[in-house]
Amino acid sequence: MTMGFLDLPLQALRRDEIPGRYDRGMFAAALALALFGVVMVASSSIAVAESEGGSPYHYLIKHVIFLAMGASLGIGFALTPLAWLERHARLFLLLAVLLLVAVFLPGVGVRVNGAKRWLRLGISNFQAVEAVKLFVIIWLASYLVRFRGEVQHAFKGTMKPLFVAGLVVVLLLKQPDFGSASLILAIVLGMIWLGGARARDLMGLAAATMPVMAWAALSESYRVKRLTSFLDPWKDPFNDGFQLTQALIAIGRGEWFGVGLGGSIQKLFYLPEAHTDFILAVIAEELGLFGVCLVVGLFMWLCGRMFLVGRRAEERGLGFAAYVVYGIAVWLSVQATVSIGVNLGLLPTKGLTLPLISSGGSSLLMTCAAIGLALRVSYELTRHEAVSAVTPDAGGRDER
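Residues numbered from 1 in each chain as written. Predicted model: local features only at pLDDT ≥ 70, side-chain atom pairs only at ≥ 80, totals over all residues. Heavy atoms only, no water.

## Observations concerning the overall build of the chain
Summing up its helical and strand segments, the chain has 14 helices and three strands in all. Referenced to the eigenvectors of the C-alpha coordinate spread, the extents of the chain come out at roughly 70 × 60 × 45 Å. Counting only residues that meet the buried cut, the chain has 52% of its 400 residues in that class. The contacts in the chain between residues at least 6 apart in sequence include a share of 69% that link residues at least 24 apart. As displayed, the chain has an accessible area near 18,200 Å², and 66% of this comes from carbon and sulfur atoms. Taken as two groups, the 34 positive and 27 negative side-chain charges of the chain have centres that lie 7 Å from each other. (Helix = DSSP H or I, 4+ residues; strand = E, 2+ residues; numbered from the N terminus. Buried < 20%, exposed > 50% of the residue type's maximum accessible area, 1.4 Å probe, protein only. Contact = heavy atoms within 4.5 Å. Areas by Shrake-Rupley, 256 points an atom, 1.4 Å probe, with all protein chains shown as cover. Lys, Arg positive; Asp, Glu negative; His and termini not counted. Charge placed at Lys NZ, Arg CZ, Asp CG, Glu CD.)

## As for the packing of helix α5 (residues 128-146) against helix α14 (residues 361-390)
One can describe the packing of α5 onto α14 by two numbers: an axis separation of 8 Å at closest approach and a directional angle of 25°. Judged by the inter-axis angle, α5 sits roughly parallel to α14. Taking contact as the criterion, the partners of E130, A131, L134 and I138 in α5 are, on α14, S362, S363, M366, A369, A370 and L373. Broken down by class, the residue content of the contact of α5 with α14 amounts to seven nonpolar, two polar and one charged. (Axes fitted to C-alpha atoms, helices over the stretch in contact; angles between N-to-C directions. Parallel < 35°, antiparallel > 145°, perpendicular 65-115°, else oblique. Nonpolar A, V, L, I, M, F, W, Y, C, P; charged D, E, K, R; others polar.)

## Description of unusual backbone geometry
In this structure, the amide linkage connecting Q175 to the following residue, P176, adopts the cis form with an omega of -5°. Despite not being glycine, E255 has its phi angle at roughly 50°, a positive value. Here E255 shows up in the loop between α11 (242-254) and α12 (279-315). Among the residues examined, E255 registers a relative accessible area of 61% and is labelled exposed. With a phi close to 55°, E273 is a non-glycine residue in the positive phi region. Here E273 lies in the loop between α11 and α12.

## Structural notes on the environment of V295
Within the fold, V295 resides in helix α12. For V295 and G20, which are 275 residues apart along the polypeptide, the C-alpha to C-alpha distance reads 29 Å. When sequence neighbours within four positions are dropped, the list of residues in contact with V295 reads L33, F36, L280, I283, L354 and I357.

## Focus: the sheet that holds strand β3 (residues 125-127)
Judged by pairing direction, the sheet is antiparallel, and its three strands sit side by side in the order β1-β2-β3 without closing on themselves. Edge positions in the sheet fall to β1 (109-112) and β3, since each of these pairs with one other strand and no more. Averaged over all pairs of adjacent strands, the angle between their axes in this sheet comes to 50°, without regard to strand direction. Note that β1 and strand β2 (residues 115-120) share four bridges and pair antiparallel. Directly across from V110, in β2, lies its bridge partner W118. (Pairing = 2+ DSSP bridges.)

## Overview of helix α4 (residues 89-102)
In a regular helix each residue adds 1.5 Å, so 14 residues correspond to 20 Å; α4 covers 20 Å between its end C-alpha atoms and thus fits that length. Among the residues making up α4, those that are buried are A89, F92, L93, A96, L99, L100 and A102. Against α3 (82-87), β1, β2, α5 and α7 (155-174) lie the buried residues of α4. (Expected span 1.5 Å × (residues − 1).)

## A closer look at the pairing of β2
Within a regular strand, side chains alternate between the sheet's two faces. Two strands pair when backbone bridges link them, and β2 and β3 are joined in this way by three bridges, in the antiparallel orientation. Looking at the pairing, R120 lines up with N125 of β3. Remark: four residues form the turn of the hairpin made by β2 and β3, two consecutive strands paired antiparallel; G122 in that turn has positive phi of roughly 80°.

## Describing a nonpolar patch on the surface
Side chains of W256, F257, L289, F290 and L294 sit close together on the surface and give an oily, nonpolar patch of about 590 Å² of accessible area. Positionally, F257 belongs in the loop between α11 and α12. (Patch = residues over 30% accessible without salt bridge, like charges linked within 9 Å, V, L, I, M, F, W, Y side chains within 5 Å. Salt bridge = Lys/Arg side-chain N within 4 Å of Asp/Glu carboxyl O.)

## Notes on helix α2 (residues 58-78)
Taking 1.5 Å of rise per residue, 21 residues should cover 30 Å, and α2 covers 30 Å from first to last C-alpha, within 8% of that figure. Buried within α2 are the following residues: Y59, L60, H63, F66, L67, G70, G74, F77 and A78. Along the axis of α2, the buried residues cluster in a sector spanning 125°; they form a single face. What points out from α2, more than 90 degrees from its buried face, is the exposed set S72 and I75. On its buried side, α2 packs onto α1 (24-51), α3, α5 and α14. (Arc of directions from axis to C-beta.)

## Observations concerning the packing of α12 against α14
Where α12 meets α14, the axes come as close as 10 Å, and the angle between the chain directions of the two elements is 40°. Considered as vectors, α12 and α14 are oriented oblique to each other. Along this stretch, α12 crosses α14, giving a crossing that reads as left-handed. Only I371, A374, V377, S378, L381, T382 and E385 of α14 make contact with α12, whose side of the interface consists of L302, M306, V309, R312 and A313. Looking at the contact of α12 with α14 residue by residue, the class counts come to eight nonpolar, two polar and two charged. (Left-handed = near helix turned anticlockwise from the far one by under 90°.)

## A short note on the pattern of salt bridges
Applying the stated criterion across every chain, the model contains eleven salt bridges. Taking the shortest distance from any N to any O, the salt bridge between K267 and E286 comes out at 2.9 Å. With K267 in the loop between α11 and α12 and E286 in helix α12, the pair connects residues that are 19 residues apart, well separated along the chain. Where R312 meets E385, a salt bridge forms, and the shortest distance between an N and an O atom there is 2.9 Å. With a gap of 73 residues between them, R312 in helix α12 and E385 in helix α14 connect regions that are remote in the sequence. Residue classification places R312 among the partly exposed residues on the basis of a relative accessible area of 27%. Overlapping salt bridges, with partners in common, bring together R311, R312, E314, E315, R316 and E385 in one network.

Put into structure tokens, the structure is as follows:
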């Protein structure tokens, strides 16, 4: 019987031939969320698609196509060496800024519902900020490696990435996109903290940014209406509080185990954005508290695996790998928490999708790409550990 490549003793391989392993737990959680998303998009979008006069499966087909494209993009990132990404980190930051500027260019940017957030790509529009999230993470991971001493021991080290985040936030507020601006700010602050910044420096940054974001939140009348409707949605249940009250009704109907898959009433023209921003309310109505706990549990599993991989990478001196997967974990955990909180009436409406579950082409594409990159980190980490096992002197070196 022939012996497979992975069955060879590690000592029989050259160091550059020693393989790594992709984290199975991370992949399984992501796959479970993606498949669950297909089912829920199918359940929540049929009525919306029929009301628009098209095929009842329009949004489902679109979702599956973008999921396939996202899987291909994720595979591409899973096969891309981290060393290459680290070398080109500044280019990714430049590309992120150019994408945000491009949405304002005539003929390139597309205005939808009064906001200029999309790029015209022929067959479909692309929301630029979804790529910006990942590009900023790649750049900031590189920065935290190159200026680790400054970040950990000097206030200016934490201020530099905040200036970059400030530029991104300003461009997002011009679109306007307050939800994504807040998310990127949270990612940057979270990565700086995980990079070892001092607590007093982080407190100073938070004290400086919170008034600015509060002013931005209160500077537009529609954001003020979202805030007031969140505080008391039943005060105006047929106008400003309509979306949240319908979501709460759906959640209340679900009770412990729901009314059954496909049995939601609120998705039938009552609950706006039932297949995108408020898909969790449909999950709660059809699958009850059990369905909500399942979703929360899968996100905890996925992000928990990412944090564990990041910790192992950091302990083995793989700084860039660690900060990349940390950033992705912060992104997905914060966005999922905000989306779930909005659906449950715990947070004001932000317009953020539930990663891997909500219908949304751009978000799905870049979330798959991010998961592919996180899997690449796990691959290079396990390869580094295998190399260290056969060549102990390599234990402190970054094997990429």
